[in-house]
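# Structure at a glance
Residue strings, one per chain:
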Amino acid sequence: MRISISQLKSMKQRGEKITILTAYDYITAKIIDEAGIPLILVGDSLGMVVLGYESTIPVTIEEMLHHTKAVVRGTKQAIIIGDMPFMTYHTSISDALRNAARFIQEGGAQSVKLEGGVTVAETVRSIVSCGIPVMGHIGLTPQSIHQLGGYKVQGKTEETATRMLEDAHALEQAGAFAVVLETVPTPLATLITQSISIPTIGIGAGIGCDGQVQVISDILGLFTDFVPKHAKQYAKLADTIRATVTEYDKEVKNGSFPTEEQGFSMDESILDKLK
Ligand code: KIV
């Protein structure tokens, strides 16, 4: 039985922190789910950390659905959030509804996430009115990277901070169940958290948020193209994998792998007949 979205608001009220991780495949999702993480985001960060794109912009809905299905198959208790990719919710409300529905109907996710505040509030309201829970995402919104001019901290001026507060309120009023605050100064993220009733989920937004989300390959030390300032490497799996495959290569070459232990025997008399 999966956790229900309605539990999240009471977690905020109780001051219980909400942990979220991304996942993109069956095995990783299974481990995260077994560890009791309540929400898993199939983020469009997929584009960079799994598919090798330079940004999230090229990610398609077909790619997102493919990975969402794998994550859903690996999980039993977590709420799965499907990240709606670039331009799948901007062209019209009916396109947004159709694409959000694909995450639920085909992908098996329980909710969707989309980027933007005031400008997508009407879309969020429509998706929520169809019974699909929506998570908002404001601050640094990677799908608008060309407009933002780079992966910079957002909301540092009075004007941009005011706009971000308005965005958070617009998402709350539109019925979003939570909002991601990405790369936002800690005091502003704390203020937003105190001014809305839905949980804020920070990524590079400091300790004042109701919860945190991290990209799984960042905290595992698996993605080494760059390490974002907001990420903490709890492990160095890239080093472990490199050492492991080097050891395997050495053993194949020097004949110490496989041993009898990894082999299969057969009836000697059958073998004799074949000789
Ligand atoms: O795509 C993603 O992984 C995200 C998180 C960084 C919030 O949107």
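Structure's up top.
Quick notes on the rules
- Residues numbered from 1 in each chain as written.
- Predicted model: local features only at pLDDT ≥ 70, side-chain atom pairs only at ≥ 80, totals over all residues.
- Heavy atoms only, no water.
- Helix = DSSP H or I, 4+ residues; strand = E, 2+ residues; numbered from the N terminus.
- Buried < 20%, exposed > 50% of the residue type's maximum accessible area, 1.4 Å probe, protein only.
- Contact = heavy atoms within 4.5 Å.
- Lys, Arg positive; Asp, Glu negative; His and termini not counted.
- Charge placed at Lys NZ, Arg CZ, Asp CG, Glu CD.

## Thoughts on the overall build of the protein chain
If you tally the helices and strands in the protein chain, you get 12 helices and 8 strands. Seen along its three principal axes, the alpha-carbon backbone of the protein chain occupies a region of about 80 × 40 × 35 Å. A burial count over the protein chain gives 47% of its 275 residues as buried. Contacts in the protein chain between residues at least 24 apart in sequence constitute 59% of all its contacts with a sequence separation of at least 6. Here the protein chain contributes 24 positively and 31 negatively charged side chains, and the mean placements of these two sets differ by 3 Å.

## Considering the environment of E122
Topologically, E122 is positioned in helix 6 (residues 121-129). E122 gets classed as partly exposed once you look at its relative accessible area, which sits at 46%. Taking C-alpha positions, E122 is 9.1 Å from L171, a pair spaced 49 residues apart along the chain.

## Some thoughts on the side chain of S111
Residue placement: S111 occurs in strand 4 (residues 111-113). With near-sequence residues (within four places) excluded, S111 lies in contact with I5, I79, I80, I81, G82, I104, P133 and F177.

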